[in-house]
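# Summary of structural features
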Amino acid sequence: MSPAPADGAGVPATGGPAGSPASGSTVDPAADPTTDPTTDPASGSVVERRLHPFTPLRRAWVPIAATVGVIAQQGDQAGRWVADLSALLRVAAVVGLIVVFGAYGFLSWWFTHYAITDTELRIRSGLFFRRTAHIRLDRLQAVDVTRPLLARLTGVASLRLDVIGTEDKDQLSFLSEKEAVALRAELLARAAGFAPEEAVSLGEAPERELLRVTPRELLVSLLLNLGAWVLLVPGLTVPVVVWWLSSSPWAALVSVLPMLGAVWAGTAGRFLTEYDWRVAESPDGLRLDHGLLDRAHETVPPGRVQNVRIVEPLLWRRRGLVRVELKVAGSDNTVLVPVASRDAATAVIARVLPGVDLAALSFSGSPRTGSRWVVPVWWKGYALALSPEVFAARHGRLCRRTDLVPHAKVQSVRLTQGPWSRARGVADVHVDTGANCTVTARLRPEPEAATLLHAQAARSRTSRAAARPDRWMTGAGADA
């Protein structure tokens, strides 16, 4: 499989480190003002590059925010300090702060470099405390391009790197948009197993759009979300009660802020984040583009999805709408499809979990005898289904959630049984994945749970032996 070059392809200045024999680039360092022809003493041949010249302006905001915080904390005392200064001293203080902040931003940018070798991406940073990150290319989980509002206005972007086994995300902020896209394509090609010389020339892989969520569909789904509406009830009543009891409007305001924040996150905040959500298929995985103010470009690598969850809120089920979430080890990507019809979501899930047929899954509910005494009423929401590809567990009655775990991604299987469950003859079976996620088949008959425990362990072993490699463009299964 050889992806055709797209926009930005064939531009060596943005494909990798300039003039690096290890990366296969043939760029003249003098042709790019962001290139620093400094030799890395560790390798003796790797040419390092600097970030975009816009970066110092962004980094200068760190001490500015700290200074504003200190002044705000001092309050009236800070006001008296300023009032005691003459006009000349005030101007001098402002100029001095601008010089200090500008120098900090410039020096932090000057001492930040990145370079690509045959096996890793190196990022050196730090003004007073030096830090060097060695990111193994074969451990890259995803490379995402994010464009905050101010960055979009200035034509730059941030490259965020998700690496297996780490929670802290390294990033390159900022690069020109063209350079960020080309560097992302090269890193993904390297992580997929392409040779360094070939990875530079491939460029951005072509894509095919699978699904697009219109603003109207997203707005309707948010209006049908019961969670946000439920929060409005305490949001309107709690401040009134607090004000009546304390006679303090400030106390009422403090009590309502957390609920307003939750309502914002579930309505307007989600709309801004999930606006114009697009899912496209490419050789490096499923690409997710979304965002109204801050535009994000994320990638879901094939073969590395640990868990897929289908969410069906009560009011969505009448319209046949679902939300698809996922877990990828070492990645912050949690949403695959914010809202879509069941058929459209099923088609996307089939690209993430090849061979899984949701329509063929036959769920068996928890037994009435025993379960209704352990979990009254809600026991009817628990169900289990098994297929040759996945372990599927369902729970919830008002908001139904179905978790799909590929057998090859199961790290461990556990059976738990409390005294009350043991008395009623039911048990829970848990499967743990590599994304620190646990999926539980609750309230299964005791004999079935014991059999399921050993059978699932065997299925996981055989599935891992036949699983595709993490370097998804090499070995078996590379055609996905």
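Residues numbered from 1 in each chain as written. Predicted model: local features only at pLDDT ≥ 70, side-chain atom pairs only at ≥ 80, totals over all residues. Heavy atoms only, no water.

### Quick look at helix α9 (residues 215-223)
Each turn of an α-helix holds 3.6 residues, which means side chains three or four residues apart point in the same direction. Restricting attention to buried positions, one finds in α9 the residues Leu218, Ser221 and Leu222. Across the axial projection of α9, the buried residues extend over an arc of 100 degrees, all falling on one side. Along its buried surface, α9 packs onto β9 (208-213), α10 (226-246), α11 (249-266), α12 (268-274), α13 (314-317) and β15 (335-341). (Buried < 20%, exposed > 50% of the residue type's maximum accessible area, 1.4 Å probe, protein only. Helix = DSSP H or I, 4+ residues; strand = E, 2+ residues; numbered from the N terminus. Arc of directions from axis to C-beta. Contact = heavy atoms within 4.5 Å.)

### Some words on the environment of Pro239
Take Pro239: it is sitting in helix α10. Remark: the alpha-carbon pair of Pro239 and Val256, spanning 17 residues in sequence, is separated by 5.8 Å. In this structure, Pro239 is in contact with Pro234, Ala252, Ser255 and Val256, ignoring residues within four places of it in sequence.

### Regarding the sheet that holds strand β20 (residues 410-416)
If you trace the three strands from one edge of the open sheet to the other, you get β20-β21-β22, paired in antiparallel fashion. Edge strands, defined here as strands with exactly one partner in the open sheet, are β20 and β22 (438-445). Ignoring which end each strand starts from, the neighbouring axes of this sheet average 20 degrees apart. Taken together, the six bridges between β20 and strand β21 (residues 426-433) define a ladder with antiparallel strand orientation. If you follow Arg414 over to β21, its bridge partner there is His430. Contacts from helix α17 (residues 446-465) reach β20, β21 and β22 within the one sheet, and its direction differs from that of β20 by about 170 degrees. (Pairing = 2+ DSSP bridges. Axes fitted to C-alpha atoms, helices over the stretch in contact; angles between N-to-C directions.)

### Focus: the sheet that holds strand β12 (residues 295-300)
Within a sheet, each strand pairs with its neighbour through backbone hydrogen bonds, oriented either parallel or antiparallel. One open sheet holds the seven strands; their spatial order is β8-β7-β6-β12-β11-β10-β9, and the pairing between them is antiparallel. Each end of this open sheet is capped by a strand with a single partner; those strands are β8 (170-176) and β9. Recorded for the sheet is a direction-independent mean angle of 20 degrees between the axes of neighbouring strands. The pairing of strand β6 (residues 140-147) with strand β7 (residues 156-163) spans six bridges and is antiparallel. Across the sheet, the residue bridging to Thr146 is Ser158, located in β7.

### Considering the nonpolar core
When a protein is soluble and globular, its nonpolar side chains tend to lie buried together. Among the nonpolar cores identified, the biggest contains 36 residues, and Val308, Leu336 and Leu404 are the most heavily contacted of them. Discounting chain neighbours no more than four positions away, the residues touching Leu336 are Trp277, Val279, Leu286, Leu288, Val300, Val324, Glu325, Leu326, Val348 and Val352. Judged by nonpolar contacts, the second largest core, of 23 residues, contains Ile116, Leu121, Val145 and Leu161. (Core = buried A, V, L, I, M, F, W, Y, C linked by side-chain atoms within 4.5 Å.)

### Focus: the packing of aromatic side chains
A full pass over the atoms with the stated rule returns five aromatic pairs. Relative to Trp109, the ring of Phe106 lies with its centre 5.7 Å away and its plane at 50 degrees, an arrangement referred to as tilted. With Phe106 and Trp109 both in helix α5 (residues 87-110) and three residues apart, this pair spans about one turn of that helix. The aromatic ring of Trp110 is capped on one face by Arg50, whose charged end is 3.5 Å from the ring centroid. Over the aromatic face of Phe363 sits the side chain of Arg394, whose NZ or CZ is 4.0 Å from the ring centroid. (Phe/Tyr/Trp six-rings, centres within 6.5 Å; stacked < 30°, edge-to-face > 60°. Lys NZ or Arg CZ within 6 Å of the ring centre and 35° of its normal.)

### Here's the deal with the confidence of the model for the chain
Overall, the prediction assigns the chain a mean pLDDT of 81, with 81% of residues at 70 or greater. Long-range and interchain partners of residues 1-44, a stretch whose pLDDT sits below 50, account for 107 contacts in this model, where long-range means more than four residues apart. Under a pLDDT of 50 for its full length, residues 471-480 has, in the predicted model, 31 contacts with residues more than four places off or in other chains. (pLDDT = per-residue confidence, 0-100.)

### Focus on the pattern of salt bridges
Under the criterion given, the structure shown has 23 salt bridges. Here Arg442 ties to Asp428 by a salt bridge, and the two come within 3.3 Å at their closest N and O atoms. Here Arg442 is found in strand β22, whereas its partner Asp428 is found in strand β21, with 14 residues between them in sequence. A relative accessible area of 26% means that Arg442 is categorised as partly exposed. A residue is classified by how much of its surface remains accessible, and Asp428, at 12% relative accessible area, is buried. Here the salt bridges do not stand alone but share partners, grouping Arg270, Glu274, Arg323 and Glu325 into one network. (Salt bridge = Lys/Arg side-chain N within 4 Å of Asp/Glu carboxyl O.)

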